[in-house]
Amino acid sequence: METQTQTKKDKIKVSKRIMTGAEAVIHCLLAEEVDLIYGYPGGAIMPVYDELYKFKDQLHHVLTRHEQGATHAAQGYARTSGKVGVAIATSGPGATNFVTGIADAQIDSTPMVCITGQVGSHLLGTDAFQETDIIGISTPITKWNCQVTKAEDIPSVLAKAFYIARSGRPGPVLIDITKDAQFGEFDFDYKKCKGVRSYQPTPDTDPQSLNEAAALINEAKKPMIVFGQGVILGQAEDELKSFIEKSGIPSAWTILGLSALPTSHPLNVGMVGMHGNYGPNKLTNECDVLIAIGMRFDDRVTGNLATYAKQAKVIHFEIDPAEINKNVKADVAVMGSVKKTLPGILPLIQANSHESWLQEFKNFDTIEYDKVIKEELYPSKEGLSMGEVIRRINEETKGDAVIVSDVGQHQMIACRYAEFTKTKSNVTSGGLGTMGFALPAAIGAKMGAPEREVVAIIGDGGYQMTIQELGTIFQTKVPVKIVVLNNDFLGMVRQWQQLFFDKRYASTEMVNPDFVTIAKGYHIDAKRVTKREDLQGAIKEMIASEEPYFLEVCVEKENNVFPMIPTGASVSDIRLS
């Protein structure tokens, strides 16, 4: 009797391991400790959604209003939580609507796993209803992708997907699963991936490179650091701070590196790039050693490569070998995670201070403040400026908020003037420059860091590209704060038209709807500000709210963002007007 009972129990145990591919997807996600998914259901992914319904207490699904919104929300979640973002959609248009978010995640190194449904394997290549070759489409914009046609392959493929997405230089992975693979049954077994043949996520560090880099740093009279998002992705903020403080080197940041070092740090000299600060851009071409840490020498940072830092020895701390010598030749390449290479070089460098060199940055700061910053933050004109809105937000949040910005003039203003005390505080679309990014990304950012205030700064153009995600906010009640800086223009394009196309404002003036009424239609508290005397009170009310809040601020229509490096110009040619 005991044997029969034991046999029966064993059969029950074995039968529980037999599951469909759709159920296996859910178990794989749970094994990877995923607790939040963004997505939109459809026919080819319906079996997975049916299983997801059964696990809704363990795996929370957020229904976005568009598949692109799901990818941006997953990006925002990944950027503030440090985890892998997950998005899910159906085949055909569901999958192709993922493309912009995947491309954005690829160029900004955001870890994300996207799962799409696909028509049955017997229909592949027949132009079946909602069949699209998403593998072919996404190959150039993913770190890895794979189509699954057999249920038994799902565990190993998803394990590999999460490993690749989060390891080394992170990025997006897409897994396309045919419908018959979702229905198929197999004996489930899940093992986390710990390595992939021929893939080395973190290259070995040559000790000699540390010695060579340290020698250059110790001999330098005018060294300069430019740090990027690699510091944040590598969780090396403390290591960066120790390196900067021991070396005494003035340190600038790329847009995605912003918040890795507190903005108030005495050695933080500001932003490099097209709309960066005056000093770090000008002095790039005067430093004798340029130390790049976790950044990729993007064209918006370098300007004309033919004139970029030609006088300097270049040290490049980098995890991705493909970035070495791609744009700027490195005299010394220090390969590996900066989490390890910065502590590795620390004992080799001499404690130093570069006070006279740092003073040169401060002199440029004074010039920039007098000619640009003062008027932007404390405008003398009647109309509101974007900068004073950011200043008021800083005053209310004390620099503790996550700022999620869209793309355009407001993005540059937010990155220039937002104050940050904590890392993972600046969420924006850097490399791809995706308008419409901020609203869904703010949803994910708040869910990734629910204890923090999350404020989305958006222009009136980009806002309308994903405005439907107000429905997601209404349904989830996620308490994001939305600030639309409305100048009735596609502001950045208009600025270029003014400066370089004789004010021919071709197709850039916006005729906008009543944004406040729309927000209220989604039962979101909303207010419009047109006068300076109302701004501080409105921002105070918004930040104090424990619910979602929409604030429209009507700003000057033809204000420009300066400083500015014209396209193709040298960083030394940065303009203040």
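All residue numbers here refer to positions counted from 1 along the written sequence of the relevant chain. Given that this is a predicted model, residues contribute local features only at a pLDDT of at least 70 and side-chain atom pairs are listed and counted only at 80 or more, while totals for whole chains, interfaces and linings are drawn from all residues. The basis for the side-chain values is all heavy atoms of the structure; hydrogens and waters are excluded.

### Describing helix H3 (residues 46–54)
Summary of the burial criterion: residues with accessible area below 20% of their type's maximum are buried, those above 50% are exposed, and those between are partly exposed, where the area comes from a 1.4 Å probe applied to protein chains only. Numbering of helices and strands runs from the N terminus; a helix is a DSSP stretch of H or I covering at least four residues, while a strand is a stretch of E covering at least two. Taken residue by residue, H3 has Pro47, Val48, Tyr49, Glu51 and Leu52 as its buried positions. In this fold, the buried residues of H3 make contact with strand E1 (18–20), helix H2 (21–31), strand E2 (36–39), strand E3 (60–63), strand E4 (85–89) and helix H9 (179–183). Residues are treated as being in contact if the distance between any of their heavy atoms lies within 4.5 Å.

### Some remarks on the packing of H2 against H3
Think of each axis as a best-fit line through the C-alpha atoms, taken over the contacting stretch in the case of a helix, with angles from 0 to 180 degrees between the N-to-C directions. Running from N to C, H2 and H3 point in directions that differ by 55°, and their axes come no closer than 8 Å. Judged by the inter-axis angle, H2 sits oblique to H3. When the axes of H2 and H3 are compared, the crossing they make is right-handed. Only Pro47, Val48, Glu51 and Leu52 of H3 make contact with H2, whose side of the interface consists of Ala22, Glu23, Val25 and Ile26. Grouping the amino acids of the contact of H2 with H3 by side-chain chemistry returns six nonpolar, no polar and two charged. Under this scheme an angle from 65 to 115 degrees is roughly perpendicular, one under 35 degrees roughly parallel, and one over 145 degrees roughly antiparallel; angles in between are oblique. Working rule for handedness: look at the near helix, and if it is turned counterclockwise from the far one by less than a right angle, call the crossing left-handed; if clockwise, right-handed. In this classification, the charged set is Asp, Glu, Lys and Arg, the nonpolar set is Ala, Val, Leu, Ile, Met, Phe, Trp, Tyr, Cys and Pro, and all remaining amino acids, among them Gly, are polar.

### Thoughts on the sheet that holds strand E14 (residues 332–335)
A sheet is described by the order of its strands in space; here six strands give the open sequence E11-E10-E9-E12-E13-E14, paired in parallel fashion. In the strand order of this sheet, the two ends are held by strand E11 (268–271) and E14, each with one partner. Across the sheet, the mean angle separating the axes of adjacent strands is 20° when strand polarity is ignored. By definition, two strands form a pair when at least two bridges between them are found by DSSP. Pairing between strand E9 (residues 223–227) and strand E12 (residues 289–293): five bridges, direction parallel. Within E12, the residue paired with phenylalanine 227 across the bridge is isoleucine 293. Docked against the sheet, helix H12 (residues 237–247) engages E9, strand E10 (251–253) and E12, running at close to 170° with respect to E9.

### Some details on the packing of aromatic side chains
Pairing of aromatic side chains requires ring centres within 6.5 Å, counting the rings of Phe and Tyr and the six-membered ring of Trp. Pairs whose planes differ by under 30 degrees are stacked, by over 60 edge-to-face, and all others tilted. Under the definition given, this model contains twelve aromatic pairs. Of the aromatic side chains, those joined through ring pairs into one cluster are Phe186, Phe188 and Tyr190. Whether a charge sits over a ring comes down to the Lys NZ or Arg CZ being within 6 Å of the ring centre and within 35 degrees of the ring normal. Seen from the ring of phenylalanine 489, arginine 494 lies directly overhead, with NZ or CZ sitting 5.8 Å from the centre.

### Quick word on the pairing of strand E15 (residues 402–405)
Two faces belong to every sheet, and in a regular strand the side chains alternate between them. What you see with E15 is no split at all: Val402 and Val404 on one side and Ile403 and Ser405 on the other are buried throughout. With four bridges joining them, E15 and strand E17 (residues 454–459) adopt parallel strand pairing. What sits directly across from valine 404, in E17, is alanine 456. Relative to strand E16 (residues 426–428), E15 is paired through three bridges, and the arrangement is parallel. Within the sheet, the bridge partner assigned to serine 405 lies in E16 and is threonine 428. This β-α-β element, E15 to helix H18 (residues 409–417) to E16, shows right-handed connectivity. Look down the strands so they point away from you; if the path from the first strand over the helix to the second goes clockwise, the crossover is right-handed.

### Concerning the packing of helix H4 (residues 67–81) against helix H19 (residues 438–448)
Across the interface, H4 lies against H19 with an axial gap of 6 Å and an inter-helix angle of 35°. The two elements H4 and H19 meet at a crossing, and its hand is right-handed. On H19, the residues touching Gly69, His72, Ala73, Gly76, Tyr77, Thr80 and Ser81 of H4 are Pro440, Ala441, Gly444, Ala445, Met447 and Gly448. Considered class by class, the residues forming the contact of H4 with H19 number six nonpolar, seven polar and no charged.

### Thoughts on H19
Counting buried positions over the eleven residues of H19 gives ten, a clear majority of the element. Within H19, burial applies to Ala438, Leu439, Pro440, Ala441, Ala442, Ile443, Gly444, Ala445, Lys446 and Gly448.

### Concerning the pairing of strand E13 (residues 313–318)
Summarising burial for E13: five of the six residues are buried, a large majority. The pairing of E12 with E13 spans five bridges and is parallel. Each bridged residue has a counterpart across the sheet, and for isoleucine 293 the counterpart in E13 is phenylalanine 317. Bridge analysis of E13 against E14 gives four bridges, and the strand direction is parallel. By the bridge assignment, histidine 316 is partnered in E14 with alanine 333.

### A word on the environment of glutamate 237
For glutamate 237, the location among the structural elements is in helix H12. Separated by 31 residues in the primary sequence, glutamate 237 and aspartate 206 have C-alpha atoms spaced 22 Å apart. Sequence-distant contacts of glutamate 237, defined by excluding residues within four places in its chain, comprise Val231, Ile232, Ala260, Thr423 and Lys424.

### As for the environment of isoleucine 457
Its place among the elements puts isoleucine 457 in strand E17. Note: C-alpha distance between isoleucine 457 and aspartate 50 (407 residues apart in sequence) is 37 Å.

### Regarding the side chain of threonine 428
Take threonine 428: it is sitting in strand E16. A distance of 2.8 Å separates the side chain of threonine 428 from the side chain of glutamine 411, its partner in a polar contact. Sequence-distant contacts of threonine 428, that is, excluding residues within four places in its chain, are made with Arg79, Asp108, Ile255, Leu256, Ser405, Asp406, Gln411 and Phe437. Whenever two N or O atoms come within 3.5 Å, that pair is a polar contact, provided that in protein one can donate a hydrogen and the other can accept it, and provided that, for residues adjacent in sequence, both atoms are side-chain atoms.

### Side note on unusual backbone geometry
Of the consecutive residues phenylalanine 562 and proline 563, the connecting peptide bond is found in the cis state with omega at 0°. Take proline 563: it is sitting in the segment after strand E20 (549–554). Of note in the backbone geometry, lysine 503 takes a positive phi value of approximately 60° without being a glycine. The class of lysine 503 is exposed, set by a relative accessible area of 53%.

### Re the nonpolar core
Within the largest apolar cluster, 93 residues are counted, with the highest numbers of intra-cluster contacts made by Leu290, Ile293 and Ile315. Looking at this core element by element, the count peaks at seven residues for helix H16 (residues 355–377). The residues touching isoleucine 315, leaving out its near neighbours within four places in the chain, are Ala213, Leu216, Ile217, Val289, Leu290, Ile291, Ala292, Val332 and Val334. Throughout this description, the term nonpolar core refers to a set of buried Ala, Val, Leu, Ile, Met, Phe, Trp, Tyr and Cys residues connected via side-chain atoms within 4.5 Å. Judged by nonpolar contacts, the second largest core, of 41 residues, contains Ile154, Ala161, Ile177 and Val196.

### Structural notes on the side chain of glutamate 323
Within the secondary structure layout, glutamate 323 lies in the loop between E13 and E14. Those residues in contact with glutamate 323 that lie beyond four places of it in its chain are Arg169, Arg296, His316 and Glu318.

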